[in-house]
Amino acid sequence: MAEKGVKVFGMWASPMVIRVEWALRLKGVEYEYVDEDLANKSADLLRYNPVTKKVPVLVHDGKPIAESTIIVEYIDEAWKGGHPVMPADPYERAQARFWARYAEDKCNAALYPIFTTTGEAQREVVREAQRCLKTLEAALEGRRFFGGDAVGYLDIVVGWLAHWLPVIEEVSGASVVTDEELPLMKAWFGRFLAVDAVRAALPDRDRLLAANKARREQLLSSA
Ligand SMILES: N[C@@H](CCC(=O)N[C@@H](CS)C(=O)NCC(=O)O)C(=O)O
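Please read all numbers here as calculations on a predicted model, not as lab measurements.

Quick word on the site of the ligand
Piece 1. The full set of residues close to the ligand is Ser 14, Met 16, Arg 19, Leu 38, Lys 41, Lys 54, Val 55, Pro 56, Glu 67 and Ser 68.
Piece 2. Here an oxygen atom of the ligand and a side-chain polar atom of Lys 41 are 2.5 Å apart.
Piece 3. Here Glu 67 contributes a side-chain N or O atom positioned 2.9 Å from a nitrogen atom of the ligand.
Piece 4. Isolated, the ligand exposes 520 Å² of accessible area, and the fraction of that covered by the protein chains is 72%.
Piece 5. A per-class count over the shell around the ligand returns four nonpolar, two polar and four charged.

Following this line, the structure appears as structure tokens:
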């Protein structure tokens, strides 16, 4: 008989895994969290996600689903009641997916090099990342959240920025999301992190800071 219940295979410092936890918490779904050592993946993870072998994986009544954004959409459809994640209107839904794709493809790619650069090279990378986030910020115009009056799909997809980016800024000495350059995004960081379901799943900041510091030192020394 298939295993019942909801399990999340994750890694505590992953900005992708937290999307799944946020969606489940917003829906009020109870789940078991399994933290993976990505250097030594469990047999369960490899069995549930033999294709990419990555986290997050959601296992619902024994059935596995991979890819964080796909999992978030699945959660919204599987638990229709409670907090709506996807916009009800098809056009709004398409817009949310468009911006999520833009953030994943363009902004994440623009942000990553901040972590691995220093000096003038880093300043140029920061300017490019700010241009990208400025474009994304347009989706916040006149709204409390990307989802409107409440947290929605796009908030969940880009929400990691609110907790992880200040850590990356501190570790790398760069300033990206400032009141001067990205005022709407900066204000949204505060509003998003104040939501109970969001706050409850955040990894400890000091632990995240230490892990990112060690990672940057390792990347810089092997460059
Ligand atoms: N596009 C995937 C990315 C997932 C991903 O990159 N997961 C990382 C942790 S943040 C991972 O499992 N890395 C281990 C590996 O690549 O083997 C998603 O959104 O779920």
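Some thoughts on the pattern of salt bridges
Piece 1. Taken as a whole and assessed by the stated rule, the structure comprises 15 salt bridges.
Piece 2. Residues Arg 123 and Glu 120 are paired through a salt bridge, measuring 3.0 Å at the closest nitrogen-oxygen approach. Remark: Glu 120 and Arg 123 occur in helix α5 (residues 119-137); sequence separation between them is three residues, near one turn of the helix.
Piece 3. The network of salt bridges with shared partners includes Glu 120, Arg 123, Glu 124, Arg 127, Glu 128 and Arg 131.

Some words on the packing of α5 against helix α8 (residues 183-193)
Piece 1. Relative orientation of the contacting elements α5 and α8 amounts to 75 degrees, with a least axis distance of 9 Å. Our classification of the angle between α5 and α8 gives roughly perpendicular. For the pair formed by α5 and α8, the contact residues are Leu 133, Lys 134, Leu 136 and Glu 137 on the first element and Pro 183, Leu 184 and Met 185 on the second.
Piece 2. Class assignment for the residues of the contact of α5 with α8 results in five nonpolar, no polar and two charged.

Details of the layout of surface pockets
The probe, sized like a water molecule, is rolled over the atoms to show the empty space still left.
Piece 1. Taken as a whole, the largest pocket spans an internal volume of roughly 520 Å³.
Piece 2. At the level of elements, α4 (90-111), α7 (160-172) and α10 (205-221) are the ones that each hand at least two residues to the lining of the largest pocket.
Piece 3. At five residues, the largest contribution of residues to the lining of the largest pocket is made by α10.
Piece 4. In terms of residue class, the lining of the largest pocket is made up of 15 nonpolar, two polar and one charged.
Piece 5. Counting residues domain by domain, the lining of the largest pocket receives three or more from each of domain 1 (6-78) and domain 2 (90-221).

Calculation rules
- Counting of residues starts from 1 at the beginning of each chain's written sequence and follows it residue by residue.
- Only residues with pLDDT of 70 or above have their local features reported here, since the model is predicted, and side-chain atom pairs are shown and tallied only from 80 upward, although totals for entire chains, interfaces and linings are computed over all residues.
- Hydrogens are left out, water is left out, and the side-chain values use all remaining heavy atoms of the structure.
- One heavy atom suffices: a residue is near a molecule or strand as soon as one of its heavy atoms comes within 4 Å of it.
- N or O atoms within 3.5 Å of each other form a polar contact, as long as, within protein, one can give a hydrogen and the other can take it, and as long as residues adjacent in sequence are counted only when both atoms are side-chain atoms.
- Surface accessibility follows the Shrake-Rupley procedure with a 1.4 Å probe radius. Residue values consider only the protein chains on display as shielding.
- Amino acids are sorted into nonpolar (Ala, Val, Leu, Ile, Met, Phe, Trp, Tyr, Cys and Pro), charged (Asp, Glu, Lys and Arg) and polar (every other residue, Gly among them).
- By definition, a salt bridge exists where a carboxyl oxygen of Asp or Glu is found within 4 Å of a side-chain nitrogen of Lys or Arg.
- Helix numbering and strand numbering both begin at the N terminus, where a helix is a DSSP run of H or I of at least 4 residues and a strand a DSSP run of E of at least 2.
- Between N-to-C directions, angles span 0 to 180 degrees; the directions come from axes that are lines fitted to C-alpha atoms, helices contributing only their stretch in contact.
- Each angle gets one of four labels, with under 35 degrees taken as roughly parallel, over 145 as roughly antiparallel, 65 to 115 as roughly perpendicular, and the rest as oblique.
- Throughout, a residue-residue contact means that at least one pair of heavy atoms, one from each residue, lies within 4.5 Å.
- Points on a 1 Å grid, built from protein atoms alone, make a cavity when a 1.4 Å probe fits but cannot get out and make a pocket when they are open with protein on both sides within 12 Å along at least 5 of 7 lines; residues with an atom within 4 Å of a point are the lining residues.
- Grid points are joined across faces, edges and corners, and a volume is the space filled by probe spheres set on the points.
- Each domain's extent was defined by an automatic or database domain assignment.

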